[in-house]
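Given next are the chains, with one letter for each unit.
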Amino acid sequence: MSLKLNTKYVESFLPEDSLNGIRPEVEKAHESLCSGTGEGSSFTGWLTLPETYDRDEFSRIKAAAAKIKKDSDVLLVIGIGGSYLGARAVIEFIKSQNYNLLRKGAPEIYFTGNSISSASINELIEILGDKDFSINVISKSGTTTEPAVAFRIFRELLVKKYGEAEAARRIYATTDGSRGTLKELSDLKGYTTFVVPDNVGGRYSVLTPVGLLPIATACIDIDALMEGAREAMHDLSERDVCRNDCCRYAAIRNLLYRSGKKIEMLVSYEPAFTMMNEWFKQLFGESEGKGGKGLMPASAIFSTDLHSIGQYIQQGERDLFETVVIFNEPKSDITIDLEENDYDGLNFLAGKKLSYVNSKAFEGTVLAHTDGNVPNIILEAERMDEHNLGYLIYFFEKSCAVSGYILGINPFNQPGVESYKKNMFALLGKPGYDDRKDELEKRLGIR
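Residues numbered from 1 in each chain as written. Predicted model: local features only at pLDDT ≥ 70, side-chain atom pairs only at ≥ 80, totals over all residues. Heavy atoms only, no water.

Novice: Residue-level account of the overall build of the protein, with values.
Specialist: A tally of helices and strands in the protein yields 18 helices and 10 strands. Taken against the 2.2 N^0.38 rule, which gives 22 Å for 447 residues, the C-alpha radius of gyration of the protein at 23 Å falls within 12% of a compact globule. The principal-axis extent of the C-alpha atoms belonging to the protein is close to 65 × 60 × 55 Å. Counting across all 447 residues of the protein, residues that qualify as buried make up 50%. For the protein, the distance from the average position of its 52 positive side-chain charges to the average position of its 64 negative side-chain charges is 5 Å. (Helix = DSSP H or I, 4+ residues; strand = E, 2+ residues; numbered from the N terminus. Rg over C-alpha atoms; globule rule 2.2 N^0.38 Å. Buried < 20%, exposed > 50% of the residue type's maximum accessible area, 1.4 Å probe, protein only. Lys, Arg positive; Asp, Glu negative; His and termini not counted. Charge placed at Lys NZ, Arg CZ, Asp CG, Glu CD.)

Here it is as structure tokens:
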């Protein structure tokens, strides 16, 4: 397998024979997911996506990416939540957090439409300057406030720069296949369109056109990414908890939750994993946080964050556990040289690879944290490449879905997300919502 689950540092925190005790629940959850009988099953298209994806659209994605690389200095990706987190996470993981500085043969890629910050939008307009750019707008409906506002602003900028016809050739809309505001606009204007599958929710959509167009534009091998996910799909199909690592991970998470652990920290020792942490938090937070249930997903990059929240992890409230993702091979390495005067006292490291030092930081930390009563689940991958990442993405997606069913919730909806939108629309005076404006303003002390 491309990913190994190591439970050595969590087993002592689990009640004796508890995995056998929870096994019937896990197997039932897995069966509900795979048979399509569980709640929200109309959004489980990602389960077979690594084999059933549309090959023709896949080819169109590659062609569009090639065109963008040829005619654009910048690609603006406009989307929020699952419409941007997955793509950005993959690009930074495979390429670099400094992608825009280190890119070769590919355009700069900026993500916008994920906030309503005027400063952020104006900064991006300044970055664009006189550069040639294209837009990939990603929205199922086309009316989600944050990306819709950004698209209006940057579409006008594109039209002003190129005119209507050329602007239309530089806009790529990833949206619903048959309906919605963005789909109607795309058909009217002649934008190139890609389909957000009806049976795949936003946070599970990174391996659909939602994520694949920006990823391909960054010169990342999307075939290898899908192949890694396909391998995971087959490896993780086993019903037996003891032989299916994603089910075992889901089981352990729920056992720790029942024992009083309320926070799961996803940890890596590679800064390039930072946005994968953010993707993970949306995946698990939106999927599990319902009905007063669910682990709070948090994250850290070590050893960096050991110098900020490390004290809390070691000796704070004992309501958390860590899931640590490690990679056996670094992308690149550095050997520490011998210094004649040893001013910094580091000659004991001379001749050692920096990756070796990083591995010892991991080993020292996992021992310290487990001594401090913080259980550690270890996920071990071979290298930081497309194949291994595709596998890891599928692993987390399936673990999340199984875990949600164990919790007894629908892991594919997000009803709570609408609450802030309704209040914001009312306060802005949007037709259909403005009947509550006076009430909300009084509560805020505006009136």
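Still to come is the rest of the account.
Novice: Help me get a handle on the nonpolar core, residues and values and all.
Specialist: Within the largest apolar cluster, 96 residues are counted, with the highest numbers of intra-cluster contacts made by Trp46, Val90, Ile215, Phe273, Trp279, Leu389 and Phe396. Examining the composition of this core, we find that 13 residues originate from one element, helix α16 (residues 386-407), more than from any other. In this view, Ile215 contacts Ala87, Val90, Ile91, Val206, Ile220, Ile222 and Leu225; residues no more than four positions away in its chain are not counted. (Core = buried A, V, L, I, M, F, W, Y, C linked by side-chain atoms within 4.5 Å. Contact = heavy atoms within 4.5 Å.)

Novice: Describe the packing of helix α11 (residues 222-235) against α16, and please don't skip the residues or the numbers.
Specialist: When two helices pack together, you describe them by how their axes are tilted relative to each other and by the distance separating the axes. Their axes nearest at 6 Å, the elements α11 and α16 cross at an angle of 45°. As far as their axial angle goes, α16 and α11 are oblique. In this structure, the crossing between α11 and α16 has a hand that is right-handed. On α16, the residues touching Ala224, Leu225, Glu227, Gly228, Ala229, Glu231, Ala232, Met233 and Asp235 of α11 are Glu386, His387, Leu389, Gly390, Tyr391 and Tyr394. In terms of residue class, the contact of α11 with α16 is made up of eight nonpolar, three polar and four charged. (Axes fitted to C-alpha atoms, helices over the stretch in contact; angles between N-to-C directions. Parallel < 35°, antiparallel > 145°, perpendicular 65-115°, else oblique. Left-handed = near helix turned anticlockwise from the far one by under 90°. Nonpolar A, V, L, I, M, F, W, Y, C, P; charged D, E, K, R; others polar.)

Novice: Help me get a handle on the packing of aromatic side chains, residues and values and all.
Specialist: Throughout the structure, instances matching the rule amount to 22 aromatic pairs. Centre to centre, the rings of Trp46 and Phe412 are 6.3 Å apart; their planes meet at 45°, and the pair counts as tilted. Residue Trp46 is located in the loop between α1 (18-35) and α2 (49-52), and its partner Phe412 is located in the loop between α16 and α17 (418-428); the two are separated by 366 residues in the primary sequence. Phe412 gets classed as buried once you look at its relative accessible area, which sits at 7%. (Phe/Tyr/Trp six-rings, centres within 6.5 Å; stacked < 30°, edge-to-face > 60°.)

Novice: Tell me about helix α9 (residues 181-189), and name the residues and values.
Specialist: For α9, the set of buried residues is Leu182, Lys183 and Ser186. What you see down the axis of α9 is that its buried residues fit within an arc of 100°, all on one side. Within α9, the exposed residues directed more than 90 degrees away from the buried face are Glu184 and Leu188. The elements touched by buried residues of α9 are β4 (133-138), α7 (145-162), β5 (171-175) and β6 (192-195). Just past α9, the residue Gly190 takes up positive phi, approximately 85°. (Arc of directions from axis to C-beta.)

Novice: Outline the pairing of strand β8 (residues 296-301), supporting the account with residue identities and numerical values.
Specialist: If a strand is regular, its side chains alternate between the two faces of the sheet. Across six bridges, strand β7 (residues 263-268) lies against β8 in parallel orientation. Bridging from a neighbouring strand, Val267 pairs with Ala300 of β8. For the segment spanning β7, helix α13 (residues 274-288) and β8, crossover handedness is right-handed. (Pairing = 2+ DSSP bridges. Right-handed = clockwise from strand over helix to strand, strands pointing away.)

Novice: Explain the sheet that holds strand β1 (residues 3-6) to me, using residue names and the numbers behind them.
Specialist: Across the sheet, five strands lie side by side as β1-β10-β9-β7-β8; this open sheet has mixed pairing. This sheet does not close on itself; its edge strands, each paired only once, are β1 and β8. Shown here is a sheet whose adjacent strand axes are inclined to one another by a mean of 20°, direction ignored. In the sheet, β1 pairs with strand β10 (residues 376-383) via four bridges, with the strands oriented antiparallel. Its bridge partner being in β10, Asn6 is matched across the sheet by Ile378. Relative to the sheet, helix α15 (residues 354-371) contacts β9 (320-329) and β10, its axis offset from that of β10 by approximately 165°.

Novice: Outline the pattern of salt bridges, supporting the account with residue identities and numerical values.
Specialist: Two side chains that carry opposite charge are able to pair once their charged atoms sit near each other. Following the criterion strictly, the structure yields 28 salt bridges and no others. Where Lys62 meets Asp223, a salt bridge forms, and the shortest distance between an N and an O atom there is 2.6 Å. Residue Lys62 is located in helix α3 (residues 55-71), and its partner Asp223 is located in helix α11; the two are separated by 161 residues in the primary sequence. Judged by its relative accessible area of 36%, Lys62 falls in the partly exposed class. One connected set of salt bridges, linked through shared partners, spans Lys67, Asp71, Glu166, Arg169 and Arg170. (Salt bridge = Lys/Arg side-chain N within 4 Å of Asp/Glu carboxyl O.)

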